[in-house]
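Structural overview
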Amino acid sequence: MSTLQTLDRGLRALDIVSQRPGGISIAELAAELEVARAIGYRIVATLEAHSLVARMQDGRIRLAAGAALLGSRFRPRLREVTQPLLRDLARQTSATAFLSTLEGDECVVIAVAEPDTGILRVGYRIGTRHPVSRGAAGIAILAGRPPSDADTEAIRRAREDGFSITAGELEHGAVGVAASVRSPLDHEGVGFESSVGVVAIEGLDTDVAASAVVATAARINSLLDT
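One structure accompanies this document, and this report is about it. Keep in mind that what you see is a predicted model, and the values were worked out from it rather than measured.

The rules behind these values
Residues numbered from 1 in each chain as written. Predicted model: local features only at pLDDT ≥ 70, side-chain atom pairs only at ≥ 80, totals over all residues. Heavy atoms only, no water. Helix = DSSP H or I, 4+ residues; strand = E, 2+ residues; numbered from the N terminus. Buried < 20%, exposed > 50% of the residue type's maximum accessible area, 1.4 Å probe, protein only. Polar contact = N/O pair within 3.5 Å; in protein donor to acceptor, adjacent residues only side chain to side chain. Axes fitted to C-alpha atoms, helices over the stretch in contact; angles between N-to-C directions. Parallel < 35°, antiparallel > 145°, perpendicular 65-115°, else oblique. Contact = heavy atoms within 4.5 Å. Nonpolar A, V, L, I, M, F, W, Y, C, P; charged D, E, K, R; others polar. Pairing = 2+ DSSP bridges.

Our next topic: the side chain of H130. Note on placement: H130 falls in strand β5 (residues 129–131). Residue H130 is classed as buried on the basis of its relative accessible area of 6%. Among the polar contacts listed, one links the side chain of H130 to the backbone oxygen of R134, at a separation of 3.1 Å.

Axis separation between helix α2 (residues 26–33) and helix α3 (residues 37–49) bottoms out at 8 Å; the angle between their running directions is 105°. As summarised for this structure, α2 and α3 are arranged roughly perpendicular, according to the angle between their axes. Contacts between α2 and α3 involve I26, A27, L29, A30 and L33 from the former and R37, G40, Y41, I43 and V44 from the latter. Considered class by class, the residues forming the contact of α2 with α3 number 8 nonpolar, 1 polar and 1 charged.

Next up on the list: the sheet that holds strand β3 (residues 96–103). The sheet built from 6 strands is open, its strands ordered β5-β4-β3-β8-β7-β6 with antiparallel pairing. One side of each edge strand has no neighbouring strand; the edge strands of this open sheet are β5 and β6 (164–167). Each strand axis lies, on average, 30° off the axis of its neighbour in the sheet, ignoring direction. Judged from the 4 bridges that link them, β6 and strand β7 (residues 175–181) form a sheet pairing that is antiparallel. In the strand pairing of β7, S164 is matched with A178. Running over the sheet, helix α5 (residues 135–143) touches β3, β4 (106–113), β5, β6, β7 and β8 (194–200) and is turned about 25° from β7.

Keep in mind these numbers describe shape, not what the thing actually does.
Next up, the structure:
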């Protein structure tokens, strides 16, 4: 299938900008796209016109409100696809299953399913948020990004394993397992990042949980690509 070069460059530019939370200069962006600086300016101007990127006071480019709006419109579809899978995941692992997305530098829970068993549960509710640098869900999201020199050992390990496991980082005694979910919007460069996982206070079989979480993430990816 043939592609439109200009559109392809614009989407690639969004992808590059989305990976630079501190912003990127137009010269740096043009270099990464392997285009002349003048073309880089035209790409940025076009994206600015659609509120997908914005220029900071120092001239660097970052994602703008239009990118967040696209992501928010995608959330209902994401929840629709994942809710039955979360219920299955909760039953398989006897743990609270959840879906989280990235908002700024925080990880926010947008869907939850509770297990039917009497295992001690963690109070995960829709809207629960925590720093993306802590907890299995946040680490899984960061591990879904391209490697960076700033990556912690936990992020590098999660990227290598395909999942993240943490204990007691967000709640005493709680063990969490999560894997990154690659949504089409994130793949096309608007910065939508998420993860699926489970959490329990006790009795969580982490081997079973890891296998189930990875399989669920793969299933979500497959459904979102259709």
